[in-house]
Each structure stands twice: as structure tokens, then as C-alpha cells.
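Coordinate analysis (summary)
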Amino acid sequence: MWRQAIAVALAVLCHSARAQVVTVDTNAYKGLVVSISEKLNELLCDEYISGIRNMFTDGSTLLHSATGGNLYFGEVTIVVPEAWACQGVAGSSNVAWDQANLRVGPVHSVFGQNPWTQQPRGCGEPGDFMYFPESFLLENSTLGSKGSVLVHEWAKYRWGVFEEYGHRGDPIFPSATRSYDANETLRHTYCTDGDVAGNFYQCEGDNLDSCYFIPSADETTGVTSSLLATPFLGSVVNFCTDENHVADVPTKHNLLCEKRSTWDVIKDHSDIASTFPAASSPPSFTVKQLTAQTTGDKLVFLLDVTAPMGNGADTWNYLRDAVKQFILAEATDGMQVGLVSFADSATTISELVTLDDGSRGPLADKVPNTPQNVQTKNVAGGISKAKEVLGAEGMVILVTENMKSHSEDLVAAAGGTPVWPILYPHLIGVSYDSYQDLADAGGVSVFPVEDKLVDVGVGSIQSVDNRVALTRCFLDIQYATQGNSMQEIVSSSCSGTDCQMSLEVPTNTNYEETFNIEIYFCDTDGSNLETTVRDPMGTVIGNSYEQDTSIVYRGTGLQAGTYTVEVSKKLDAMDVKSSLLATKQAESGGYAIKLWSSLDLQHLEYTLNSAPTLFAMVGDGDSHVVYARVTATVTDSSQNTAVLVMRDDGTGADVTGNDGVYSAYLIGLSQTGSVSVQVAANDYGGAAKLVMTSKRAAPVDVNGQACCGSQVTFLNDLPSAGTFTVTSDDAGEVTGTIPTNFPPGRVTDLKSSLTSSQVTLTFTAPGDELDQGTAEAYLVTYSVEGSDQGAVGQDVAPVEAGALVSTTFPAPDCGHLTFLTFLVRAVDAQGMQSADSNEARISVPCVPSTSLPSTASSSSSSSSSSSTENPNSPPLSSTERPTPSSFFSSKETPTASITASTTTQSGDNCSCVSTETLVGVVIGSVVGSILAVLLVELLVYVLVKLCQRRRWKKRQRQREVVRSTRGAENPALAQADAGGNYESRLGEQRRRRNDATPTNDQGEVASTVPTPLPYLGQSTTSINQAGHPILPSRGNQRPLPRGYNSNQDQYANPSTVSHRNNSRDNVQHNQFYDQPYAQQYSQYNYRPQNQDRKAYTPNEYI
């Protein structure tokens, strides 16, 4: 099984992108293959098929609705095992179970009857396959509608979105959190557009590590999204959109997709972008029987000899020489090979010939030297002729041009015979649907080889890259059908009239005695070309086969070390390329390595913002290995080497820890072109464990955990994988433009904890370039109750990627119970910053000490070594392992519950308070008592003043009576009083002032509501708006602004004494009379001089 899986991966490597089996044709998905495992019960075959039909029929209707009428399932092929007797079988298929899009297999002890998707790539990128346990198809599942679950998994597999729910016991994506309110209300982590009813369990106290939420589908109403969160609810028919997306819950989708809604990611996919809403129709189903994979012992070359095959110098020469070289030096002994050519009609060149030393040469000489001058071609006629030569079994390798669209019923012509189409030359943009259908019908792949004409000054000729590509195609097809055959293990190239190439053979891989060193060049250079090949000891290798565009040196006794190829030529029309081919020794038992990449090994493509990712699995067919040490060594044609640590711990390039997929970004190369990739794996000092099929790691039931949190956990002890060391060698092609440097990697496992008044953060160190190397610094920021953001200075020595980092600092001064959210970004020496980490949240009973320090104490974990020594998480002990998630049943008493519209907490939960909370209650009681005493004193003071004022007014009235009497008796005194008595005028001014309406500087009515001044220790910027703060300057940190941390009393209302302009003679009088009116000045827009000072924003001074 593993050999077949490797062969399938290699069968798509001929300088072309991996063929997309599933396509979209007028809104319908076509080419989707569902395969049933031979390990299931044959007697239930018809029930499996019925369950698959019903699931896709229901799912297609939902998919059409959820995508706004854009997409639905059109054609589905169901492949049953070879020996099974099932009803409705129509035809055969070579698509094996481990090559299907959706695989139906046994129930797993890790995920139970939960479907799951292997999805090692990032946001917006497709997964590898979907897995559905047999029990899910046969039984009534608590997961809800089977069609809804299918759409849930399809969205992950096809569009690269992730789960929008949490996981029990997961520190990164928990099942429940607390909200930002005074009651610390428990909340689930679903992304929904309404309340989900249910219960919380094990959520007592401040520690929520064991807290989880079980929804109640029967009590939940009105929820319509999201299908990535709650597919078990019958009312859910939509994906989350920007309008209802819950971006602040810690889910895998929010982390990996930068808090974008699922629909925002999906609508950018080409499936949606290339279609418009249209009516749907039910899917059509075809049941096929799996046929034994053709061994490759019999094959017929079917060669297109029409005139387009001769357009451009060397187009035909490359094909002719590649076929002859395969027959002479690359095909295995005992293989039967035939030759057929076709244009408007087909011709048998040679019947089947069994290859040996005496027959290889004569057969190779029969390959046509030139094409015919015929423009039309009959591909179907050529296939029919090739089948006649082939007989009852075998395969056909079809090589034909695809410079313009061509349509024939090739599937009918093949009649079930596997035909491998190699489209050479292929013009980019020209459809090859008919050839894709032909390949799909035979369970094989189609290989487009791009038409690459290069102007060399004397005309345009095909690039020598295509000469290499043709040989790789033949080799990969042979390996896919025979298994143990020659493969390219290292390649190189050079340019100039005199140059040298080095081919490095690793020391720890066993190969068979015979090997080839092959040199490729264009015909223009080959007319005057001389080559010399030496082994690692300097001995010249002489046995060779020469063609117009290639030379093969055939040697015995392959040695570890460097083989050199010396080239001398008079002309320099194009580069010269070389490859070393060898056959790996067959292993009896043991483990094998499966290697693949984000696209395929022949398209290791760099962009300005991304690097290709390598993936590997170690296994023996029915199992895979976890906790192993896996490294990849990538060597380019100039012998520059990049050594990569491949991780399965959920950090760096790895999406899910302990799922058996080891991942690494391809970092460290400086040039594009051919590369060799060697992957080495060992048992990591005895730590490696074996996960059997029954334990294979994906919404949830009581018997299994949900796929896929930050880590896959195992309930029971796993068996040891034993002592082993295994390697795998492959060749690849680096394309695109390699950036000068990449940003640091992203932290994805940030965790926080609280001890007394100290906050501790831990995370796995990222690299300075993605997941490799050592970052320059770490920048920690925090937000208070989900709003304001500040910075925490770090004094931690950066460590190599993969090591554990821990830092501790005092809790902030905030005056009440608060909630902090922390983020970490890594910074490299050039000032580039990583993306934000996952959010780590914690509730803090704040202490009246100091705010978060500008420099915090921190350290690297002494128990963790660097990434080169500890690339993957060690197994947890039985007491450390969290229990599996169970959303639908529990024997425990719920801590709290949620109804469809309200949230309540049980009385038991209220009694479970921490020591810090009790201390806070006591302190609050004491402070409240003091404030009550002060309030009483204030009331007494106010009453005294009111009494004094009443006595003063009484004396005033008495004086007025006296003045009236005096005025009547003396008119002069009355006139003096009316003209300018000070007390009289002052009283009138105060009455006018008290009755006035305050205005601002523009004459508009001013608000009398006081505006709070900004707190100088925090920014008012939202955490989502903060983005990437300015990088801290190293060694020249900007000082804090003037007034930072100063007493806030300076911003209180100013003293009224400075506003008095009374005469010196009346100072004492005014101090007495002005007291009741002092606070009225605040209505007249008085601004203290410090009020214009800008509030300190931490981001400006980091």
C-alpha cells in the first residue's frame, strides 16, 4: 500500500502541475472518486453504496444552497474492491483506495465514527483526502444530517477552510472560554449567528483547561450558520459571512485564516470565481470494480508522428532519443515493449519484444527518425491499434502534441486499458479534457509538458528541460507500475563551453549495483561535445550509450560520495544537464517514507510571500509513526544544501500535531532549478510510537474526538515503533523567484497562566525565516478586556526554532478584575515581523502596584532543547492526556448551561472562587466602609454650609430693610447705593452667570457632561486595528513621553483661586462669598494647560 502511495505521488512529477481529478463543469463537480476499503464487510457492499448515494444527494442540495446556487455535486464514481460481488457494477477502475478523494474505511479508536479530512496545508489550500468511517454511513449518527457533514468536510478538503469549534482539553482551541464582562460568563467557541443551547462541564474556578461544552440540538432554534461549526444542527444551512462571523473566539479557522469568515475565504476560490448561479440537478453515480494495478511488464509506446511533432528544432529529436534511451538503458530486464505510430492512421512498428541484452538495440533502432508530413491525427485509431499489439493486459504510453484543441471519444477506444497521456509539446491554455477523461478512466495521470522554444541565435529550439522531462515521465510511469525500478536520485546542470557538474550520492542509502549517469543537451551543442565522468575515487567511467541529445554512462558498484561530470563544447547554445539514476534495494518489511509537497515536487514554487512546503509520513502500509525525528536535506545543482527539521507538533509549517504528517518550509536555497531531496527518519531514541489503522486519526460523538485541534491525542498507550532508520531520495524542481529573506515564523501555541500576581507566557520559538533559524527578538502586546492595547518589553534571549520560550511579569494595575489578551510577534534582524500569534487570554484580579513593566523577566525553558534536538512533541503520560471531546453526552453534572436566549450559571459554580477572588472581596468591603464614613462626613459638612447660607441671607434681608429706611431718610445714600454698591452689583452678576447657558468657543451650546481624560498608560486603539506596531529600535529605545506615569491629579479641575480678580481690599470677603460658586467655572469651557497633552500610546514608543 505504501509503495502504491509513493508511486502515485511520483507519477505526477513530469515537469507539470498535478492533474486536478475533480473539476467544475457548468457548476457541477465532476471526476470525484469514492473508494470503499477492502477491510470492510463485503456483505454490506450494497448498503455502503446506498449510504454514499444518499449522502451525496442530500449534500449536493445543501451545497448548492450554501454557495448561492454556484456549485453542486455532478458526477460521482464509487469504486468497490476487486473481489466483491456488488449490484450495479458498470466497468472497472484502476483508482486504488488510497488514491480516492473520499475514502470509506473502518471506525477509528481516536476519531470514532467521526469523518475527518487530512489537511496539512494553510488557509485557502486544499486537503489531501476525506475519510468517512463505515459506521457513519450505516447508522443514525448524532452528528446530524450526513449531507451537512459531507459539506462540512468538503469545504475543508476543497477550499482550505477549517473547523469553527473548539476541542475539549485543547489549550489553543478550547471548547469554552469566559467573556469580557464582570460576571466572567462562560461561552462556547462556536461561530454561529445565534445562541446554541447546551451545558458546560468541569468549568469550576479560574482554570478552564478541563472545561468543555456539550450543545443541545433539540433546544437550539434559529441558528443558520456556520456549516464549519455546527453541521449537526438541522437549521444550519450557511457558512459564516462577514456580517455574522464571530472573530474573537479561539478556533483553528480564526487563527489560520486571519479571522476571515469562512465564506470570505470560499468565495475567493476559483470554483466560485469562475461560476455564476444556476439551477442544479441530482448527482449521477457510477459503480466500478477495482482492477489489479497493471504491473508494467507489458507496455506499448504510441507515438504521434504528425507534422506538428517536428515544429521547432529538437522537438522530435528529444522524443525519439528519450524512447530509445528508455529501451536501451532504463527499462527493466524482462519487460515486453511494443511500438505503434499514428497520424491519420495507425501503424504497428514492432510487436511486443522481451527486453534483454540482445533485443534492446534492434528494438531501439525501429523508433522513427522523423515525423510525417501529415496534419491530421486519429488518436482513437492509434489506441485501438496499440490494444491489438498489447493483448489482454498491459498499458499504453501515449505521446502526442496538444498545440490546439482536439476532441475524440478516447475513453471508448481504450475500453478499460490504462493509457498514460504525455502531452508533448503542450501549449499553455489549450484544453486537454479528452486526455484527462482518458487518464481518469484508466486510473492514471496525464502529463502536460509545456512547449518551451528558446532562441539560440540561429533559430528557436526546444528547451533541454523538455528532454529531461520526457525521461522523467517514462521513469515515473515505470516506477508507478512496477515499484522497484530506476529513479533519479540527484541532478545538476552547468553552462559555458567548459563546465563541471557534481552528483552527490548519500552515504546512508542502499542501492543496487547498476546505476546510470545521464547527460542531456540540445542537438546544436551535441555536434562538438566531449564529456568525462569520474567516480568518487577519480576513476573514469567508460561504458556509454550515445544519442543525438543525450549520453548514458552505465556503471556498477555505486559508491557514496561525489561523481563529477566534465563538459567541453565549442558552442554554448544551452545549458547541459545531468542526472544520476539508481534502483533502491528492496526492503523486507520495515518502514517507508512518503514525501509530497504543497503542489508537487516538480513545482516547488516560491512567490514573494510564500515558500513551498514539504510533507512526509513514515509508515508500513497499515500504520504510521508519530514522535519520530524526521529531517529533509535539499541540494541544488550548485551543491548548496538546506537541512530542514520536519515537525509534527502543530507549530511552524505543521498544521496539526501528532497526526503523522511531518512538515517543513523549504528555506535555505538561493537558486532555482533541479534539486535532490533526501528525507531521513529514525525512532528518536526510542520515543517513536506506532498508530495502527484502528487508531487512525476528525463533528463529534462520545467515542471519539473531533478533527482536528492543535494536537491529536491518544487515549491509550501506543505501541513502540521499534528501532529504525530509513531514508528516501527524490528529485524536484524549484521554480518561481526566491525572496532574499522571509519573515519570521508565526507563533501558533501561545499559552498563558497566572500565579498569584504574576503572568506567565509560554510558546514554541519560531524561526527568523518562517520555521527555520533563530529570531532576533519577540514582541509581546496585550489588550485589556478586548479593547485597549499595550506593549510588554521583553528581555528574553531568542532561541532556535522549536525550543520552548517562557516569560513571567507582574499583572497590570487596573483597579478591578480584568481580562487580558496577549499576542506575540517574532522580529528578525532586518526588522521584518511575523504575523500575530494565536491569542492567549487570562482573567486577572488586578493588584494596585505597577502597570506592565517595560522590561519583563523571561527565560528559555531549560527542559527544552533546540529544534534540531527536539523537533516533535514527546508522548504525554497517561495522566497528562486530555480526555476526548464529547459534544452530545456526558455523565457529569453541568457547571453551567445555556438556553437558546439566555446564559445562566449554577449556584454550585458561584461557590467555587479562588483565593485571589476572596482577597478582592475583603479589600472591597474595607474600601466600601471607608467610603461610607467619608460620605457621612461630607453630608454633615454640606448641611452646616446650608445653615450658614441661610443665616447670611437672613442678615442680607435685614440690611436691605435698613437701607430702604436710610434711603427714605437720606436720598444721597440711596443714589450711591444704586450707582455702584459692590455687594449689590456682585450679587446681580452671579445671578446672571448662574442663569446663563454655557457655550463653546464657536458660540454653540456646550455640553455640560464632563469628558474623561485619556489614561496615559493605555492606547484606545482596537486590537484588530493595531496591526503591526512600529518595530522597537535596538539599543536606542525612544524615551517615554513627558508626564508618563505622573499623578493623574494634575488633570483634575483647577483651583478657583487663580480666577479671582477682586480688589485686594475685598479678598477676605470674596473667599467667604465665592465658595458656593467655585465649581460653576467648569461650565465656562475652562481648559487646564495640561489638558491638551497627547495621551501616551504604547505603540508609538515601542
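In the block above lies the structure referred to throughout.
Keep in mind it's a predicted model, so treat the numbers as computed, not measured. Along each chain, numbering runs from 1 in the same order as the chain's sequence is written. At least 70 in pLDDT is required for a residue's local features to be given in this predicted model, at least 80 for side-chain atom pairs to be given and counted, and no such filter applies to totals for whole chains, interfaces and linings, which use all residues. For side-chain calculations, the full set of non-hydrogen atoms in the structure is used, while hydrogens and water are omitted.

1. Points about the side chain of Glu839
Operational definition: Numbered from the N terminus, helices here are DSSP runs of H or I no shorter than four residues, and strands are runs of E no shorter than two. Whenever a nitrogen or oxygen atom comes within 3.5 Å of another N or O atom, the pair is scored as a polar contact, on the condition that within protein one atom can donate a hydrogen and the other can accept it, and that pairs from neighbouring residues in sequence are kept only if both atoms are in side chains. Any two residues whose heavy atoms approach within 4.5 Å are treated as being in contact.
Its location among the elements puts Glu839 in the loop between strand S46 (817-827) and strand S47 (840-845). At a separation of 2.5 Å, a polar atom in the side chain of Glu839 contacts the side chain of Lys259. Side-chain polar atoms of Glu839 contact the side chain of Arg841, separated by 2.9 Å. Beyond its immediate chain neighbours, meaning those up to four positions away, Glu839 contacts Asp248, Lys259, Thr821, Phe822 and Leu823.

2. Concerning the packing of helix H8 (residues 315-330) against helix H13 (residues 464-482)
Under the convention used in this document: A fitted line through C-alpha atoms serves as each axis, taken over the contacting stretch for helices, and the angle formed by two N-to-C directions is quoted from 0 to 180°. By the definition adopted for this analysis, an angle is roughly parallel if under 35 degrees, roughly antiparallel if over 145, roughly perpendicular if from 65 to 115, and oblique otherwise. Should the near helix be turned counterclockwise from the far one by less than a right angle, the crossing is left-handed, whereas a clockwise turn marks it as right-handed. Gly is placed with the polar residues, together with every amino acid not listed as nonpolar (Ala, Val, Leu, Ile, Met, Phe, Trp, Tyr, Cys and Pro) or charged (Asp, Glu, Lys and Arg).
In the contact formed by H8 and H13, the axes pass within 9 Å of each other and the chain directions differ by 40°. Taken together, the axes of H8 and H13 are oblique relative to one another. Of the two elements, H8 crosses H13, and the hand of that crossing is right-handed. Across from Tyr318, Leu319, Asp321, Ala322, Val323, Gln325, Phe326 and Glu330 in H8, the residues of H13 making contact are Val464, Asn466, Arg467, Leu470, Thr471, Phe474, Leu475 and Gln478. When its residues are assigned to classes, the contact of H8 with H13 shows nine nonpolar, four polar and three charged.

3. Examining the sheet that holds strand S1 (residues 23-25)
Basically, it comes down to this: By definition, two strands form a pair when at least two bridges between them are found by DSSP.
Judged by pairing direction, the sheet is mixed, and its three strands sit side by side in the order S1-S2-S4 without closing on themselves. On the outer flanks of this sheet lie S1 and strand S4 (72-73), each paired with one strand and no other. As judged from the three bridges shared by S1 and strand S2 (residues 28-30), these two strands associate in the antiparallel manner. Note that in S2 the partner of Val24 across the bridge is Tyr29. Across the sheet, helix H4 (residues 146-159) is in contact with S1, S2 and S4; its angle to S2 comes to roughly 70°.

4. As for the state of the cysteines
Test applied: Two cysteine sulfur atoms form a disulfide, by the criterion used here, when they sit within 2.5 Å. Whether a residue is buried, partly exposed or exposed follows from its accessible area with a 1.4 Å probe, protein chains only, as a fraction of its type maximum: under 20%, in between, or over 50%, in that order.
Counted under the stated rule, the structure contains four disulfides. A sulfur-sulfur distance of 1.8 Å marks the disulfide that ties Cys45 to Cys86. Between Cys45 and Cys86, the S-S dihedral sits near 110°, and the bridge is therefore right-handed. Residue Cys45 is found in helix H2 (residues 45-66), and its partner Cys86 is found in the loop between strand S5 (75-80) and strand S6 (89-93); the two are separated by 41 residues along the sequence. Here Cys45 matches Cys86 in class, with each residue buried. Cys123 shares a disulfide with Cys257; S-S distance 2.1 Å. Its S-S torsion of about 110° marks the bond between Cys123 and Cys257 as right-handed, since a negative value means left-handed. Of this pair, Cys123 sits in the loop between strand S8 (116-118) and strand S9 (129-133) while Cys257 sits in the loop between helix H5 (252-256) and helix H6 (262-266), and the two are 134 residues apart along the sequence. Its relative accessible area of 1% is what places Cys257 among the buried residues.

5. A word on the sheet that holds strand S27 (residues 544-546)
Read across the open sheet, the five strands follow the order S23-S30-S25-S28-S27; overall the sheet is antiparallel. Of all strands in the sheet, those with a lone pairing partner are strand S23 (487-494) and S27, marking the two edges. Between one strand axis and the next, the sheet turns through 15° on average, direction left out of account. Across the face of the sheet, H13 comes into contact with S23, strand S25 (511-520), strand S28 (550-556) and strand S30 (576-584) while running at roughly 155° to S25.

6. Structural notes on the pattern of salt bridges
Keep this limit in mind: Think of a salt bridge as a Lys or Arg side-chain nitrogen and an Asp or Glu carboxyl oxygen that are within 4 Å of each other.
For the structure on display, the rule yields 28 salt bridges. For the salt bridge of Arg320 with Asp548, the shortest nitrogen-to-oxygen distance reads 2.9 Å. Taken together, the residues span a long stretch of sequence, with Arg320 in helix H8 and Asp548 in the loop between S27 and S28 at a distance of 228 residues. Classification of Asp548 by relative accessible area gives partly exposed; the value is 41%. Note that Lys452 and Asp465 form a salt bridge whose closest N and O atoms lie 4.0 Å from each other. Here the residue Lys452 occupies a position in the loop between strand S20 (447-450) and strand S21 (453-455), and Asp465 occupies one in helix H13, the gap between them amounting to 13 residues. Look at Asp465 and you get buried, because its relative accessible area is 18%. Connected through salt bridges with shared partners, the residues Arg260, Asp264, Lys267 and Asp268 form a single ionic network.

7. So, the environment of Asn114
Here Asn114 lies in the loop between strand S7 (102-105) and S8. Accessibility expressed as a relative area gives 0% for Asn114, which makes it buried. For the pair Asn114 and Val149, spaced 35 residues apart in sequence, the C-alpha separation works out to 9.4 Å.

8. Considering the packing of H2 against H4
Orientation of H2 relative to H4, taken along the N-to-C sense of each, is 70°, at an axis distance of 8 Å. In terms of orientation, H2 and H4 fall into the roughly perpendicular class. Two packed elements cross with a definite hand, and for H2 against H4 that hand is right-handed. Along its contact with H2, which presents Met55, Phe56, Asp58, Gly59, Leu62 and Leu63, the element H4 presents Lys146, Gly147, Ser148, Leu150, Val151, Trp154 and Trp159. The residue inventory of the contact of H2 with H4, partitioned by class, reads eight nonpolar, three polar and two charged.

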